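Below, each chain spelled out in residue letters.
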Amino acid sequence: MKDYIYEVARIRVMENGLLTGADFEQLLAAPDRNAALAYLADKGWGGGAGTLDAPAMLKAEEDAAWALMRELLGDGRELDILRLTRDYHNLKAAVKDGYAASGLPPERLYLEGGTIPAEEIREAVREEHFDRLPDAMQEAAATAWQTLSRTGDGQLCDTILDKAALDALTAAAKEAPDPVLAIYAVTTAVSADIRIALRAAAAGKSAAEIVPMLAEVPDINSTLLAEAAAGGRSGAAEYLRSTPYGVLADALSRSMSAFDCACDNLMIERIRPQKSEALTLGPLAAYVIARETEIKSVRLLLTGLENGLPREQIRESLRQCYG
Amino acid sequence: MNMGMLSDNLGIVYALLGAALATFLAGSGSAIGVGMGGRAAAGVLTEKPELFAKVLILQLLPGTQGIYGLLVAFVVLGKIGILGGTAPTAAEGLLFLAACLPIGVAGLISAIHQGKASVASISLLAKRPDSFGRAMLLPAMVETYAILALLVSLLTVARL
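Residues numbered from 1 in each chain as written. Chains lettered and ligands numbered in written order. Predicted model: local features only at pLDDT ≥ 70, side-chain atom pairs only at ≥ 80, totals over all residues. Heavy atoms only, no water.

## Some thoughts on the overall build of chain A
Moving on, step 1. For chain A, the helix and strand inventory stands at 17 helices and zero strands.
Moving on, step 2. Over its C-alpha trace chain A gives a radius of gyration of 20 Å, about what one expects of a compact globule, namely 20 Å for 323 residues.
Moving on, step 3. Look at the contacts in chain A between residues 6 or more apart in sequence, and 62% of them connect residues 24 or more apart.
Moving on, step 4. Total accessible area computed for chain A in this model is approximately 14500 Å², and 51% of it derives from carbon and sulfur atoms. (Helix = DSSP H or I, 4+ residues; strand = E, 2+ residues; numbered from the N terminus. Rg over C-alpha atoms; globule rule 2.2 N^0.38 Å. Contact = heavy atoms within 4.5 Å. Areas by Shrake-Rupley, 256 points an atom, 1.4 Å probe, with all protein chains shown as cover.)

## A closer look at the environment of Leu19 of chain A
Residue and element names in this part refer to chain A.
Moving on, step 1. Looking at where Leu19 falls in the secondary structure, it is placed in the loop between α1 (5-15) and α2 (21-29).
Moving on, step 2. Along the chain, Leu19 and Leu40 lie 21 residues apart, while their C-alpha atoms are 9.3 Å from each other.
Moving on, step 3. Those residues in contact with Leu19, other than ones at most four positions away along the chain, are Phe24, Leu27, Leu40, Lys43, Trp45, Glu294, Val298, Cys321 and Gly323.

## Observations regarding the interface of chain B and chain A
Moving on, step 1. Contacts between the two partners involve 15 residues from chain B, matched on the other side by twelve residues from chain A.
Moving on, step 2. For the pair chain B and chain A, the two sides together bury roughly 1300 Å², of which 65% comes from carbon and sulfur.
Moving on, step 3. Of all residues in chain B, Arg39, Glu47 and Lys127 of chain B bury the most surface against chain A, accounting for 44% of the area lost on that side.
Moving on, step 4. Summed over the shared surface of chain B and chain A, the number is three salt bridges. (Buried area = accessible area lost by both parts, 1.4 Å probe. Salt bridge = Lys/Arg side-chain N within 4 Å of Asp/Glu carboxyl O.)

## Remarks on the pattern of salt bridges
Moving on, step 1. This structure, assessed with the given rule, holds 30 salt bridges over all chains.
Moving on, step 2. A salt bridge links Arg272 of chain A to Glu269 of chain A, with the shortest nitrogen-to-oxygen separation between them at 3.5 Å.
Moving on, step 3. Taking relative accessible area as the criterion, Arg272 of chain A reaches 24% and is therefore assigned partly exposed.
Moving on, step 4. Of the residues examined, Glu269 of chain A reaches a relative accessible area of 40% and is grouped as partly exposed.
Moving on, step 5. Sharing partners across several salt bridges, the network here consists of Arg10 and Glu71 of chain A together with Glu47 of chain B. (Buried < 20%, exposed > 50% of the residue type's maximum accessible area, 1.4 Å probe, protein only.)

## A look at the packing of aromatic side chains
Residue and element names in this part refer to chain A.
Moving on, step 1. Counting across every chain of the model gives zero aromatic pairs over all chains.
Moving on, step 2. The side chain of Lys275 reaches across the aromatic face of Tyr322, ending 5.1 Å from its centre.
Moving on, step 3. Arg291 extends its terminal NZ or CZ atom over the ring of Trp45, reaching a point 5.1 Å from the ring centre. (Phe/Tyr/Trp six-rings, centres within 6.5 Å; stacked < 30°, edge-to-face > 60°. Lys NZ or Arg CZ within 6 Å of the ring centre and 35° of its normal.)

Keep in mind these values describe shape, not function.
Quick look at the structure:
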């Protein structure tokens, strides 16, 4: 079995640069968004360019995490699972943009950093050459495109592609080269299943209609979840309490944003044991997940500061730190 | 070498086999352990070159087993008529072989595990550069068992 001794040792040093709870307290104490950006720039965020442009800074940090992985792993295919959701986001954007011809610039619609370039997906969909897409995407892309062209129902198109994304994630989890990647895929699929079930139930779908929209994930019974979703967030929370994901139930009862936060926190808790791993791919995957979660927290914090939200409200939305 | 010559020197053959195993097994373990430590050290030094001296010590910790194996092999060679002493009988040769096994086998296994402990300690040092003492103590614990094996091998060889 391949080991990752050099790579993990480098990641251990890089983990020192992750933001801690104390850093977030400093950021919360900042008088305004610019002061928070200046603090981040002092910590080396934005590639040391000293920029106070928040989107550029956050993008530079996202790119830096993946650039490090490419440096350590070559093409970084081992971590493809972490990028799968971007591919399906881009596919959804390509199908909808191809149908509606929104004319929006690609950078507003597509995410960088997927396993295949967004431009390739866009071209394949625009020219209806779905065979240019990866095998797992082809059927879903063609079905979503035909459905949207025939019915104009964007929600149905979303349902098809969301399901395909979840199926791809759960399939990848079974062949994941490290348990951390399987944890990521399953936790992501579970939280997505719950969101889909609640959204569909709110749109008046029956349990029988909801079940096919959900991915099959361990420890979650699709039928029971679909039935529970009819009772709204509290119904789904009640069902969650009977599963190993009971820790998410209280947050789900409160609000969807609290639920999103709890899902991210659960992920961080589950990857935390990687801090004591020295030989496997796990710490690398954990680092990428931790960085993406950290960047998400900073984005929420900056948005909160910009909109003048109360500090306590911003604090509640922040994710747990891995660092 | 014909079969008659081989049977006449069977004692030396067994003893040499023991010396070879002590050197080869313990040395291989050390090579693996030091190699693992080296890769972890390189990872840390890429980002923090100032930790060179500290990580070098941690990297070298699994190297001692190879030296122990070499030491036992030298003592054996000094007693079987190669560097000194007299040629052993077949029975004595087998005893030399048996005496070399503890440091050979325990050296191999302990060096590999000490290498893994060193890798973990180098990671600890990367996170907390001020924890060098603790980081060194943890892989050093594994050394105990290599020293016990060395003692058994050395005392036995010395008595033969």
